[in-house]
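Structure at a glance
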2 protein chains.
Amino acid sequence: MSVPESGVISLKRLQTACESCSLFQLCLPLELAHADLEELDHIIKQRRPLQRGEYLFQMGNEFRAVYAIRSGSIKTFTTTDGGEEQVTGFHLPSELVGLDAITTGNHPCSARALETTSVCEIPFDRLEELGSRIPGLQRQLLRIMSHEILTEQDTMIWLGKKSAEARLAALLLRLSSRFKARKFSASDFNLSMSRTDIANYLGLAVETVSRLFSRFQSEGLLEVDRKHVLIKDMGALERMAGADHHN
Amino acid sequence: MSVPESGVISLKRLQTACESCSLFQLCLPLELAHADLEELDHIIKQRRPLQRGEYLFQMGNEFRAVYAIRSGSIKTFTTTDGGEEQVTGFHLPSELVGLDAITTGNHPCSARALETTSVCEIPFDRLEELGSRIPGLQRQLLRIMSHEILTEQDTMIWLGKKSAEARLAALLLRLSSRFKARKFSASDFNLSMSRTDIANYLGLAVETVSRLFSRFQSEGLLEVDRKHVLIKDMGALERMAGADHHN
DNA sequence: CGGCCGATTGAAGATGTTCAATTACCGTGG
DNA sequence: CCACGGTAATTGAACATCTTCAATCGGCCG
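Predicted model, so just to flag it, every value in this text is computed and none were measured.

1. Brief notes about the overall build of chain A
Scanning chain A for helices and strands turns up 9 helices and 11 strands. For chain A, buried positions account for 53% of its 247 residues. Look at the contacts in chain A between residues 6 or more apart in sequence, and 70% of them connect residues 24 or more apart. Carbon and sulfur atoms provide 50% of the accessible area of chain A, an area that totals close to 11,700 Å².

2. Quick look at the interface of chain A and chain B
Buried accessible area, meaning the area lost when the parts come together, often serves as the stated size of an interface. Each partner contributes to the interface: chain A provides 39 residues, whereas chain B provides 39 residues. Between chain A and chain B, a total of about 3,600 Å² is buried, with carbon and sulfur atoms accounting for 62% of that surface. When residues of chain A are sorted by the area they lose upon contact with chain B, Leu142(A), Ile149(A) and Met156(A) head the list and together hold 19% of the total. Counting every contact that joins chain A to chain B gives 2 salt bridges. Counting across the interface, chain A meets chain B through 16 residue pairs in polar contact (both at pLDDT 80 or more). Looking at the side of chain A that touches chain B, the element that brings in the most residues is helix 5 (residues 135-161) of chain A, giving 19 residues. Across the side of chain A that touches chain B, the residue classes break down as 15 nonpolar, 14 polar and 10 charged.

3. Quick word on the pattern of salt bridges
Enumeration according to the criterion identifies 28 salt bridges over all chains in this entry. Two residues, Arg174(B) and Asp154(B), come together in a salt bridge whose shortest N-O distance is 3.3 Å. With Arg174(B) in helix 6 (residues 164-181) and Asp154(B) in helix 5 (residues 135-161), this residue pair connects regions lying 20 residues apart in the sequence. Ionic contacts of the salt-bridge type, sharing partners, join the residues Glu39(A), Glu129(A) and Arg133(A) into one network.

4. Topic: the UniProt feature "domain: HTH crp-type" (unreviewed entry) in chain A
Following the UniProt record, one finds the feature "domain: HTH crp-type" (unreviewed entry) at residues 162-235 of chain A. Split by type, residues 162-235 of chain A is 55% helix and 15% strand. Its first and last C-alpha atoms lie 18 Å apart.

5. Description of the packing of aromatic side chains
Considering all chains together, one arrives at 11 aromatic pairs over all chains under this definition. Seen in terms of ring centroids, Phe63(B) and Phe124(B) are 5.2 Å apart; in terms of plane orientation they differ by 50°. Their pairing is tilted. Placement of the pair is Phe63(B) in the loop between strand 2 (55-57) and strand 3 (65-71) and Phe124(B) in helix 4 (residues 124-133), with a sequence separation of 61 residues. In this pair, the class of Phe63(B) matches that of Phe124(B), namely buried. One aromatic cluster is present, formed by Phe179(A), Phe184(A) and Phe189(A) through successive ring pairs. In this arrangement the basic side chain of Lys75(B) is found over the ring face of Phe77(B), its NZ or CZ atom lying 5.1 Å from the centre. Arg195(B) extends its terminal NZ or CZ atom over the ring of Phe213(B), reaching a point 4.3 Å from the ring centre.

6. Things to note about the nonpolar core
Within the largest apolar cluster, 73 residues are counted, with the highest numbers of intra-cluster contacts made by Leu191(A), Ile198(A), Leu202(A), Phe216(A), Leu191(B), Ile198(B) and Phe216(B). Dropping the residues within four chain positions of it, Phe216(A) is found in contact with Glu165(A), Leu168(A), Ala169(A), Leu172(A), Leu221(A), Leu222(A), Leu237(A) and Met240(A). The next biggest cluster of nonpolar side chains, apart from the first, holds 50 residues, and it includes Cys18(A), Phe124(A), Ile149(A) and Phe63(B).

7. So, unusual backbone geometry
When glycine is set aside, most residues are seen to have a negative phi, and most peptide bonds are trans. Residue and element names in this part refer to chain B. One non-glycine residue, Ser 94, lies in positive phi territory at about 85°. Along the chain, Ser 94 turns up in the loop between strand 5 (85-91) and strand 6 (96-97). Even without being a glycine, Lys 183 presents a positive backbone phi close to 70°. In this fold, Lys 183 is placed in the loop between helix 6 and strand 9 (188-190). You can call Lys 183 exposed: its relative accessible area is 76%.

8. A word on the pairing of strand 5 of chain B
Residue and element names in this part refer to chain B. Counting buried positions over the 7 residues of strand 5 gives 6, a clear majority of the element. Inspection of the sheet shows strand 4 (residues 74-79) paired to strand 5 by 6 bridges, in the antiparallel sense. Of the residues in strand 5, the one forming a bridge with Phe 77 is Val 87. Here strand 4 folds back onto strand 5 in antiparallel fashion, the turn holding 5 residues, of which Gly 83 has a positive phi close to 90°.

9. Some remarks on the environment of Glu152(A)
Here Glu152(A) shows up in helix 5. Here the alpha-carbon distance between Glu152(A) and Arg195(A), two residues 43 residues apart in the chain, equals 22 Å. Apart from the residues within four sequence positions on either side, Glu152(A) is in contact with Ile149(B), Glu152(B), Gln153(B) and Met156(B).

10. Re helix 3 (residues 34-43) of chain B
Buried within helix 3 of chain B are the following residues: Leu37(B), Leu40(B), Asp41(B) and Ile43(B). Considered in projection along helix 3 of chain B, the buried side chains sweep an arc of 165° and stay on one side of the axis.

11. Remarks on the relation of the copies chain A and chain B
Between chain A and chain B, the superposition needs a rotation of 180° and an axial shift of 0.0 Å, giving an RMSD of 0.0 Å. A rotation of that kind, with that shift, is consistent with a two-fold axis.

12. As for the domain arrangement of chain A
Residue and element names in this part refer to chain A. Once the domains are mapped, chain A shows domain 1 (6-135) and domain 2 (162-241). On the side of domain 2, 11 residues touch domain 1, which itself brings 16 residues to the contact. For the pair domain 1 and domain 2, the two sides together bury roughly 1,200 Å², of which 56% comes from carbon and sulfur. Across the pair Asp 197 and Lys 75 runs a salt bridge whose closest N-O atoms are separated by 2.9 Å.

13. A look at helix 7 (residues 195-202) of chain A
Burial analysis of helix 7 of chain A places 6 of its 8 residues in the buried class, which makes it a mostly covered element. Following helix 7 of chain A by one or two positions, Gly203(A) has its phi on the positive side, about 70°.

Calculation criteria
Residues numbered from 1 in each chain as written. Chains lettered and ligands numbered in written order. Predicted model: local features only at pLDDT ≥ 70, side-chain atom pairs only at ≥ 80, totals over all residues. Heavy atoms only, no water. Helix = DSSP H or I, 4+ residues; strand = E, 2+ residues; numbered from the N terminus. Buried < 20%, exposed > 50% of the residue type's maximum accessible area, 1.4 Å probe, protein only. Contact = heavy atoms within 4.5 Å. Areas by Shrake-Rupley, 256 points an atom, 1.4 Å probe, with all protein chains shown as cover. Buried area = accessible area lost by both parts, 1.4 Å probe. Salt bridge = Lys/Arg side-chain N within 4 Å of Asp/Glu carboxyl O. Polar contact = N/O pair within 3.5 Å; in protein donor to acceptor, adjacent residues only side chain to side chain. Nonpolar A, V, L, I, M, F, W, Y, C, P; charged D, E, K, R; others polar. UniProt positions renumbered as here; feature names shortened; annotations may be inferred. Phe/Tyr/Trp six-rings, centres within 6.5 Å; stacked < 30°, edge-to-face > 60°. Lys NZ or Arg CZ within 6 Å of the ring centre and 35° of its normal. Core = buried A, V, L, I, M, F, W, Y, C linked by side-chain atoms within 4.5 Å. Pairing = 2+ DSSP bridges. Arc of directions from axis to C-beta. Least-squares fit on C-alpha atoms with pLDDT ≥ 70 in both. Domains from an automatic or database assignment.

Now the structure itself:
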């Protein structure tokens, strides 16, 4: 197009302004001065929304930026030498993706949009540089990473130990609480990922996941119609998720 | 005792001096100036060694410091409301423990010595303060945390997906490579944790773990005598660890 | 409308768990 | 120093859970 870029850019900046972003509290819950916030805004790039199936980055890519999800959702996964996928996580709006690449400088996993998804790109070198000047930012970064470690550990616990039903229950509850934190319904939502992805993530066979959904439904715990889930008995799910094989 | 403290302190300082620590490269692999390194040394406290079974910290304790393990080993674990343990990790010399507590300000898990263990205590407020003054340190901190996330993810993958034999094989290989990085034998080492801890960590029954050890031995993969392990066929273990249920 | 991929369901088989009994080890106290 | 008791580890057999293989159903997109 022949239109000067400046107009487009300022429009983009408007869209990405952290201050006006409804997710900001969750994304980088800082107590920053207005001026600092503007500086942060300036380094953040808005990318063209990703279509379903598009890659945000691929395993091995050089690490340049972390990404905050604005809308939509993505899955992260590694691929073994045999070419098989191993899903490592699902990511919702306000969550940061790519933090696991800092150490090595390369992305250890791929990230792919599960639906139309828009993200903020935050170049890491500039973020670090900014962090050394803004007292609260560096601290906040550490806090976010610590939180990430905590979440992973939590995930490890239920993935490692529990029965199939406990795993699926736990996944549904986690999604539910994350939706809730984002002011969406905690009991009525859509799964953007396929059964295959869920099974892969949980370390189960697709058939097992499918059977579990059916059983949960027949037991009155929830209603499922394809991607749509309505939780009818949160308490029962919690009991399941908490329980080990037997007790 | 009535001896002036200064003498004791300078002795301690000598013991903990990062510069002379054989683990330093692994612990905080910085390119720091001598003067900066001394500053770092000054904030690090040496604690009386922990006896087997002693706690480094307990779940819920206020977060004050991160700990670098100098010798020995510890396990971290959470306890459910029912009082059952869930082991979340085993930690060897040069590894940092407690990073998962930064966000909340309280330790999300307990840490307990598996054998006589000595640690360096690094008060976090002073570390953060120091980080804002020393350019490389803050960056290194982020890098370590990122690495931690990466490790956890990795753990998640094999804990979530694989068969029992693959899990145990993977655990042995991880321990092996960590020993190797610390200049110990990669194929001949002692397990400081009990079978019960291993089983708990891997999400298996103790009996299964025990049977696996027996089987691995009968298949000539390794020799086990109680805590002592001698790996005889590293390649076979790697194939097992990489493999899913069937392939 | 047809084809195709994702999801579901059934039945047989494999893997891991549970229960129970036995053995080996370690620290304690006689 | 040895005997004792308690805990950890091992092993066997029955059972439960999850997987695999196979067939069918159902949307969705061209």
